[in-house]
Amino acid sequence: MKSSAVWMCFCIFLLLLAPNTGSELEAQPEWVDCIQASEMCNQNPHCSSRYRVMRQCLVGKEKETMLDNNKECQAALEVLLVSPLYDCRCKRGMKKELQCLQNYWTIHMGLNEDMEDLSPYEPIAPNRQPDEFGLAAISSGTTPTEKNCNPCLVATKACNLNGICKRQRSTYITTCSKLDTNKGESCNRKRCHKALRAFLDRVPPELSHGLLFCPCQTEGCAERRRQTIVPECSYIDKEKPNCLELRTTCRQDYLCRYRLADYMNNCGKTPHTMGTCPNKDNHQACLASFVRLIGTEMTPNYVDSSSTNWTISPWCTCKGSGNQEEECLNFLRHFTNNTCLRYSIQAFGYGMYNSQIKNVTVPTPSSMSKTSEEWSVIIPKVTFLLV
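- For the protein chain, the name recorded in an unreviewed UniProt entry is GDNF/GAS1 domain-containing protein, with Oryzias latipes as its organism.
- According to the UniProt record, the Subcellular location (unreviewed entry) comment for the protein chain reads "Cell membrane".
- Taken verbatim from the UniProt record of the protein chain, the Sequence similarities (unreviewed entry) comment is "Belongs to the GDNFR family."

In structure tokens, the structure reads:
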């Protein structure tokens with residue numbers, strides 16, 4: 001039994017190192033990014049002048065009054081609605097992401113739209129069929145388990161064999177563990193968040209997601225997973241703010257505001273949502289949006305090292321919410337009781353440790369004494385219980 005577990009860990013290790021050559025669908029660019037849209041507008045004197053006017057309309061505390069009652073602001077908005085800026089989007093991890101978000105904000109703030117419901121980012125094309133993850137088996141809990149393998153340790157080893165992953169991981173761990181002598185604090189939280197964002201933006205998802213979402217069956221594995229983002233610096237604070245206050249703080253920052261909106265758009269279920277996730281069960285989009293909250297004021301994490309009943313939450317509470325308690329709890333449930341997020345995390349682990357394994361060509365333990373020509377065999381389908 002132990003030898004088979006070691007062998008399975010070896011197979012998983014090979015999978016994490018292998019390039020993803022499956023049936024991914026390359027997302028076709030359907031949008032002009034807002035940096036390019038702004039440049040296109042600036043090449044047109046009429047559009048450029050109106051764009052400058054709109055920016056002025058959004059400055060100061062009286063911006064809502066200006067947008068509603070100022071004819072010049074309204075005229076500027078009418079011109080911009082037929083410009084490339086109206087349909088522009090931002091690319092995740094782009095170099096000038098903040099500038100792109102500000103350009104997007106200029107248009108949509110002018111429309112007085114509910115920004116919580118809008119994602120400024122390009123949509124992510126799903127690269128798997130919904131049932132390819134075996135979600136039915138996951139939800140029923142009927143799949144066998146292999147407790148002698150630590151998937152998080154395997155994911156760490158795979159990261160260390162990738163130059164970019166190893167370097168970026170080392171950078172954020174060092175940054176998040178370094179004492180901030182200027183403030184007398186255990187670390188510099190802002191620098192830690194920035195290093196985490198760089199890691200998640202630059203490292204291939206199959207490696208970074210492997211560290212964040214490894215399917216654990218033991219508390220030791222689950223604790224390693226919880227410690228991935230160095231929570232003592234990036235997550236835990238001296239006091240827990242109210243979740244609505246944390247949301248307000250997040251919305252005051254362009255990056256956090258739009259990443260939260262992207263998460264709500266891709267992971268938030270409504271009574272009209274069909275399946276487990278929005279956008280035709282796009283679990284990949286949900287995971288990508290969730291991961292990009294890490295390194296913002298709304299950084300989420302596992303609340304404990306439970307491997308059987310894990311919960312994810314931002315560092316906040318709904319205690320003391322008064323008559324806003326229901327609103328606060330509803331917001332918090334987008335993390336703690338989110339069916340789409342839970343299925344997406346389980347689907348990633350199940351897909352990595354099951355769906356891909358059945359198609360990988362590697363030697364089995366029984367074939368170790370065979371010649372190299374005989375080593376190419378198909379590993380049988382192996383399933384893991386993800387709860």
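1. Considering a negative patch on the surface
Part 1 of the argument: A cluster of acidic residues, E185, D237, E239, D253 and E297, forms a negative patch on the protein surface.
Part 2 of the argument: Note on placement: D237 falls in the loop between α13 (231-234) and α14 (243-251).

2. Concerning the pattern of salt bridges
Part 1 of the argument: Counted according to the given criterion, the structure contains five salt bridges.
Part 2 of the argument: A salt bridge links R292 to E97; the nearest nitrogen and oxygen atoms lie 2.5 Å apart. Of this pair, R292 sits in the loop between α17 (283-291) and β1 (300-302) while E97 sits in helix α6 (residues 97-110); the two residues are 195 residues apart in sequence, bridging distant segments of the chain. This pair shows no difference in class: R292 is buried, exactly as E97 is.
Part 3 of the argument: One network of salt bridges, in which partners are shared, links E97, D201, R259 and R292.

3. Brief notes about the state of the cysteines
Part 1 of the argument: In the structure shown here, the tally under the stated rule is 13 disulfides.
Part 2 of the argument: Note on cysteine connectivity: C90 is disulfide-linked to C100, with sulfurs 2.1 Å apart. Classification of the bridge connecting C90 and C100 rests on its S-S torsion, roughly -105 degrees, and on that basis the disulfide is left-handed. Within this pair, whereas C90 is found in the loop between α5 (71-80) and α6, its partner C100 is found in helix α6, the two being separated by 10 residues in sequence.
Part 3 of the argument: C159 shares a disulfide with C165; S-S distance 2.0 Å. Between C159 and C165 the sulfur-sulfur dihedral comes to about -105 degrees; the bridge is accordingly left-handed.
Part 4 of the argument: We classify C165 as buried; its relative accessible area is 0%.

Rules used in this analysis
Positions within a chain are numbered from 1, following the residues in the order the chain's sequence is written. Since the coordinates come from a predicted model, pLDDT governs what is reported: local features require at least 70, and pairs of side-chain atoms require 80 or more to be given and counted, while whole-chain, interface and lining totals use all residues. Neither water nor hydrogens contribute to the side-chain values; these are computed over all heavy atoms in the structure. UniProt positions are given in the numbering used here, feature names are shortened, and annotations may be inferred rather than shown by experiment. Patch definition: residues with relative accessible area over 30% and no salt bridge; like charges joined within 9 Å; nonpolar side chains (Val, Leu, Ile, Met, Phe, Trp, Tyr) joined within 5 Å. Where accessible areas are quoted, they stem from the Shrake-Rupley method and a 1.4 Å probe; at the residue level, only the protein chains shown are allowed to cover. Just to be clear on terms, a salt bridge is a Lys or Arg side-chain nitrogen sitting within 4 Å of an Asp or Glu carboxyl oxygen. We count Lys and Arg on the positive side and Asp and Glu on the negative side, and we leave His and both chain ends out. By convention, the point assigned to a charge is CZ for Arg, NZ for Lys, CD for Glu and CG for Asp. Runs of H or I in DSSP of at least four residues are treated as helices and runs of E of at least two as strands, each being numbered from the N terminus. Burial classes follow relative accessibility: with a 1.4 Å probe on protein chains only, a residue under 20% of its type's maximum area counts as buried, one over 50% as exposed, and anything between as partly exposed. Note on terminology: disulfide denotes any pair of cysteine sulfur atoms within 2.5 Å.

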